[in-house]
Amino acid sequence: MTQQDAASPTGSEWWRTAVIYQIYPRSFADANGDGIGDLPGITRRLDALADLGVDAIWLSPFMVSPQKDAGYDVADYCDVDPLFGTLDDFDRMLHAAHERGIRVIVDLVPNHSSDQHVWFQEALTAAPGSPERARYIFRDGKGENGELPPNNWESVFGGGMWQRVVEADGTPGQWYLHIFDVSQPDFDWTNPEVREYFRGVLRFWLDRGVDGFRVDVAHGLIKADGLPDYSPPADGDSMGGEDDDVPYWGQPGVHDVYRDWHAVLEEYPGHRALCAEAWLPTPEKTALWVRPDEMNQAFNFPYLTTEWDAAALRKVISESLEAFPAVGAPATWVLSNHDVIRHASRLALTAESPQGEGIGPLSAAQPIPELGLRRARAATTVMLALPGSAYLFQGEELGLPEAVDLPDSARQDPTWFRTNHEKYGRDGCRVPIPWEAAAPAFGFNDSGASWLPQPTDWARFARDVEAADPDSTLHLYTRLLRLRREHGLGAGTLTWIGDEGDDVLAFRNGNVTVIANLGAQPIPLPSGEVLVSSEPLTGDVLPADTAAWLLS
Ligand code: GLC
Ligand code: CA
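Reading the values: rules and limits
- Residues numbered from 1 in each chain as written.
- Chains lettered and ligands numbered in written order.
- Predicted model: local features only at pLDDT ≥ 70, side-chain atom pairs only at ≥ 80, totals over all residues.
- Heavy atoms only, no water.
- Buried < 20%, exposed > 50% of the residue type's maximum accessible area, 1.4 Å probe, protein only.
- Helix = DSSP H or I, 4+ residues; strand = E, 2+ residues; numbered from the N terminus.
- Pairing = 2+ DSSP bridges.
- Axes fitted to C-alpha atoms, helices over the stretch in contact; angles between N-to-C directions.
- Contact = heavy atoms within 4.5 Å.
- Donors = N, O, S within 2.8 Å, 3.2 Å for Na, K, Ca; no water.
- Arc of directions from axis to C-beta.
- Phe/Tyr/Trp six-rings, centres within 6.5 Å; stacked < 30°, edge-to-face > 60°.
- Lys NZ or Arg CZ within 6 Å of the ring centre and 35° of its normal.
- Disulfide = S-S within 2.5 Å.
- Near = heavy atom within 4 Å.
- Polar contact = N/O pair within 3.5 Å; in protein donor to acceptor, adjacent residues only side chain to side chain.
- Areas by Shrake-Rupley, 256 points an atom, 1.4 Å probe, with all protein chains shown as cover.

**Things to note about the pairing of strand 15 (residues 504–509)**
For step 1, the next point in the chain: Of all six residues making up strand 15, five are buried, and the element is well covered by its neighbours.
For step 2, the next point in the chain: Two elements, strand 14 (residues 494–496) and strand 15, share three bridges in a ladder whose sense is antiparallel. Across the sheet, the residue bridging to Thr 495 is Arg 508, located in strand 15.
For step 3, the next point in the chain: In terms of strand pairing, strand 15 meets strand 16 (residues 512–517) through six bridges, oriented antiparallel. Directly across from Arg 508, in strand 16, lies its bridge partner Thr 513.
For step 4, the next point in the chain: Counted along the chain from strand 15 to the antiparallel partner strand 16, the turn is two residues long, and its residue Gly 510 has a positive phi close to 60°.

What follows is the structure in structure tokens.
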């Protein structure tokens, strides 16, 4: 098979075992030096990803957007934001990726648009009850003069979920719903016009040759009838909630939308992936998002949020390997993305840090850098041996930590503003990544500009530095990906090895034995040739916070 064939749309159900690398375009590589990464930057740096050995890339949104939520506020779904380049730049990037055998998934944001979307602008000037308003969720307020929001829902980013508008005649008017920022009005997915519009958006990108879609907030599109009041449990987080009946998450009507989308993808030859971003508390609930005729994959956030604890990991891995295959889907695995604290920091914090809060200089929870990196390397060594598909987030292959010390003035996440600086939010995982230690902006561009400042000590994480060091995190990832492919681990079957002790995670996948020591004391290494280990090994022991693969 040639490289081109390897990424051609006629390939098999490649997503079942794929390792998919998330590119956060504004922070990956900046070709024109304005401080914001772009599509030509991605094209130039694709060889690095081919060397790393990933199967596909997923690009966070690069469509036209006022960037109020870093592109997750889309004003035109069928064009590229000039910040990132042009549609021609996209086509060139896609072609260059396919030439290297790398498939390309784009991010689709169907729950809400930007308030700058032409439909929302039309809705604002149209009258209550008009077809223009019916594309979004407008309601009259409560109270004598409609001065109170239609219900008590709270935005994921803080504050209320409703915003009152001023009607065309200058009087205070209806309210519109926004699960996220006020600049992100939610569509009304019970409206057939909205459904038809998104079929067109899917076809637009499919016609250009994309290999699939990561679907933003996939569980949020349909809201419960009557929009009943709801207060999240005090200990739940805003994206998930243990509660079964969150009136804006996981409503059954959503599945109908994805059956419809699945049918659109089937109009095209070959196999493409639909991946759901659905924050749910258990693998069982997450698996409701994948069906042979709906989504192909759902991010395994219960796995991501599991702490560094052998029993907890064994449980979530077992549950995942039960729940996803039971509905004909691969299990998926993920440790980092653009919404969470990077796992090289998250896995060794001095205190708890609730999901979505982020960490900053004044947080009670602070990372222990060396321990965090060590655990992160071990965690990834475990993850890449698991059957199914795995997601990587740009920079984790360099062992990048969360940037904790960003100056307040640099922060851009709406969470930071909507909580009056109470939650730091997600900027710390979004800092532009380092390529060359000695170059301006560590090679992110050649001007030295960077939309979020890079920590001054990041030269040590630069790709060229790590490429020259055989013990680097980059070499570890490259080895893991090569061996995962050679041993067919993505398509394998996991069998637990139970007798290694409470702090040990041990399993077999095909002819590979995987063992991870999550305890504080070294343990004996099983017999067999060591294929790869997360730390250099000496003697027949596996040190604390270390994982290894052995030929069995
Ligand atoms: C998803 C994205 C996140 C964004 C939110 C609203 O959770 O991953 O970055 O802020 O949706 O679109
Ligand atoms: Ca740029």
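Text resumes after the structure shown.
**Brief notes about the sheet that holds strand 14**
For step 1, the next point in the chain: Spatial strand order, 14-15-16-20-18: five strands in an open sheet with antiparallel pairing. Taken across any chain shown, the strands that pair with only one partner, and hence form the sheet edges, are strand 14 and strand 18 (529–533). Adjacent strand axes in the sheet meet at a mean angle of 25°, parallel and antiparallel pairs treated alike.
For step 2, the next point in the chain: In the sheet, strand 18 pairs with strand 20 (residues 546–551) via four bridges, with the strands oriented antiparallel. Directly across from Val 532, in strand 20, lies its bridge partner Trp 549.
For step 3, the next point in the chain: Against the sheet, helix 12 (residues 369–383) engages strand 15, strand 16 and strand 20, with an angle of about 30° to strand 20.

**Regarding the coordination of the calcium ion (ligand 2)**
For step 1, the next point in the chain: Looking at the calcium ion (ligand 2), one finds its protein donor set to be Asp 30 (OD), Asn 32 (OD1), Asp 34 (OD), Ile 36 (O) and Asp 38 (OD), positioned 2.3 Å from the metal centre.
For step 2, the next point in the chain: All donors to the calcium ion (ligand 2) come from one chain, and their sequence spacing reads D-x1-N-x1-D-x1-I-x1-D.
For step 3, the next point in the chain: Taking the relative accessible area as the measure of exposure, Asp 30 reaches 4% and is therefore buried.

**Considerations on helix 5 (residues 118–125)**
For step 1, the next point in the chain: Every buried residue belonging to helix 5 is among Trp 119, Phe 120 and Ala 123, and all of these are buried. Buried residues along helix 5 cover an arc of 95° about the axis, so they all sit on one side.
For step 2, the next point in the chain: In the core, the buried residues of helix 5 are packed alongside strand 6 (138–139), strand 8 (172–177) and helix 6 (192–208).

**Notes on the packing of aromatic side chains**
For step 1, the next point in the chain: One pass over the structure, following the stated rule, counts 36 aromatic pairs.
For step 2, the next point in the chain: Consider the rings of Phe 28 and Trp 435, whose centres lie 5.1 Å apart with planes at 85°: the pair is edge-to-face. Placement of Phe 28 in the loop between strand 1 (19–23) and helix 2 (39–44) and of Trp 435 in the loop between helix 13 (414–418) and helix 14 (463–467) is noted, with a sequence separation of 407 residues between them. Here the two residues Phe 28 and Trp 435 agree in accessibility, since each one is buried.
For step 3, the next point in the chain: Ring plane angle 55° and centroid distance 4.9 Å describe the contact between Trp 153 and Tyr 248, whose orientation is recorded as tilted. Taken together, the positions of Trp 153 in the loop between strand 6 and strand 7 (162–166) and Tyr 248 in the loop between strand 9 (212–215) and helix 7 (254–266) put the pair 95 residues apart, joining distant regions of the chain.
For step 4, the next point in the chain: Directly above the ring of Trp 451 sits Arg 26, whose terminal nitrogen or CZ lies 4.4 Å from the centroid.

**A short note on the state of the cysteines**
For step 1, the next point in the chain: Following the criterion strictly, the structure yields zero disulfides and no others.
For step 2, the next point in the chain: Among the cysteines around Cys 78, which has no disulfide bond, Cys 275 carries the closest sulfur, lying 19 Å off.
For step 3, the next point in the chain: Taking the relative accessible area as the measure of exposure, Cys 78 reaches 25% and is therefore partly exposed.
For step 4, the next point in the chain: Here Cys 429 stays unpaired: no disulfide links it, and the sulfur of Cys 275, its closest cysteine neighbor, is 19 Å away.
For step 5, the next point in the chain: Here Cys 429 falls in the buried class, since its relative accessible area comes to 1%.

**What to know about the site of ligand 1**
For step 1, the next point in the chain: Close to ligand 1 lie 15 residues, the nearest being Asp 69, Asp 216, Glu 277, His 338 and Asp 339.
For step 2, the next point in the chain: Contact distances for ligand 1 include 2.6 Å between an oxygen atom and a side-chain N or O atom of Asp 69.
For step 3, the next point in the chain: Measuring from an oxygen atom of ligand 1, one finds a side-chain N or O atom of His 112 at 2.9 Å.
For step 4, the next point in the chain: When the free accessible area of ligand 1 is taken as 310 Å², the share hidden by the protein chains comes to 99%.

**Digging into the environment of Ala 234**
For step 1, the next point in the chain: Within the secondary structure layout, Ala 234 lies in the loop between strand 9 and helix 7.
For step 2, the next point in the chain: Each C-alpha atom, one on Ala 234 and one on Pro 455, is 35 Å from the other, the two residues being 221 residues apart in sequence.

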